[in-house]
Amino acid sequence: MDSPAGVWNTFAAAFSQAPVPNITWVEMLLSLAAATALSIPRRSWRYFGLLATATHELGHAVAAVTSGQRLSGIRLRLDHSGTTTAYSRSRVAAAWSCFWGYPVPALVGAAFVWCGVTGWGAAAMAASVVVLAASILFLRNLAGFPITLTAMAGAAALTFLATASAAGHAAVIFGLALLVAAVRDLAKLTHVHLRRRDRLESSDAYLLYRATSVPSAVWITIFSALVAGSWLAAWLPVSRILLGGA
């Protein structure tokens, strides 16, 4: 077993850029297929959707902390719902943290894809370990712990046990899966506003409307623009690999 110093050195080294992984167009197609398999079928979404929800709630939490709010707690539930509670005297700060939910899985997904294809895949996994470990301090329900600890264990395994190339491939798959998840959740949000208005109290867009008087449709449009921009940012390196093999 490695000494504590050896473990720390491995962890610290993960934050350095590794050689750019050689991802062929066939491997990229397989990565797209794997990402779709994680985010589309109901059976896999039952589990991967929990990670997408955790990313969503972490977006709220980070926005709350960085805007000077007091973060009270994060709740993650097995039905893919979640709640982040923060306290602030500023309506602007409260709206700011409320906004950064739906766009964050797409933004994080694009960042993971970029990291994966540029040699920073292991760094993305190591950073995930840090963020997830910090989030444990704010979990306020039992279901949140297995969700967070499982995600943390997966990121740690890729940080400490996998090669830099394997971590890069995993970062691409995870990033693409989060991008698909962001579209799926955005469609669900739109469905709530169009067909399930009895659930509006669970909608970030509706809460933003209540806080700012800006219509929910405007917020959904902004969410959609950020998700689309994230897809474009991620698709540029993906398309170069696909076209390069054509």
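Above this text you will find the structure in question.
A brief look at the structure comes next. (Residues numbered from 1 in each chain as written. Predicted model: local features only at pLDDT ≥ 70, side-chain atom pairs only at ≥ 80, totals over all residues. Heavy atoms only, no water.)

Here Ser-239 lies in helix α10 (residues 216-244). Between the alpha carbons of Ser-239 and Arg-42 there is a distance of 28 Å; along the sequence they are 197 residues apart. Polar contacts involving the side chain of Ser-239 include one to the main-chain carbonyl oxygen of Leu-236, which spans 2.9 Å. (Helix = DSSP H or I, 4+ residues; strand = E, 2+ residues; numbered from the N terminus. Polar contact = N/O pair within 3.5 Å; in protein donor to acceptor, adjacent residues only side chain to side chain.)

Let's shift gears to a nonpolar patch on the surface. There is a patch of nonpolar side chains on the surface, built from Trp-25, Val-26, Leu-29 and Leu-30 and spanning about 380 Å² of accessible area. Taking the relative accessible area as the measure of exposure, Leu-30 reaches 56% and is therefore exposed. (Patch = residues over 30% accessible without salt bridge, like charges linked within 9 Å, V, L, I, M, F, W, Y side chains within 5 Å. Areas by Shrake-Rupley, 256 points an atom, 1.4 Å probe, with all protein chains shown as cover. Salt bridge = Lys/Arg side-chain N within 4 Å of Asp/Glu carboxyl O. Buried < 20%, exposed > 50% of the residue type's maximum accessible area, 1.4 Å probe, protein only.)

Along the chain, the position of Ser-97 falls in helix α4 (residues 91-99). Ser-97 sits in the buried class, given a relative accessible area of 8%.

The N-to-C vectors of helix α5 (residues 103-118) and helix α8 (residues 164-194) enclose an angle of 160°; their axes lie 7 Å apart at closest approach. Put simply, α5 runs roughly antiparallel to α8. In this structure, α5 crosses over α8, and the sense of that crossing is left-handed. Contacts between α5 and α8 involve Pro-105, Ala-106, Val-108, Gly-109, Ala-110, Phe-112, Val-113, Gly-116 and Val-117 from the former and Gly-168, Ala-171, Val-172, Phe-174, Gly-175, Leu-176, Leu-178, Leu-179 and Ala-182 from the latter. Of the residues contributing to the contact of α5 with α8, the split by class is 14 nonpolar, four polar and no charged. (Axes fitted to C-alpha atoms, helices over the stretch in contact; angles between N-to-C directions. Parallel < 35°, antiparallel > 145°, perpendicular 65-115°, else oblique. Left-handed = near helix turned anticlockwise from the far one by under 90°. Contact = heavy atoms within 4.5 Å. Nonpolar A, V, L, I, M, F, W, Y, C, P; charged D, E, K, R; others polar.)

That is the geometry; function is a separate question.
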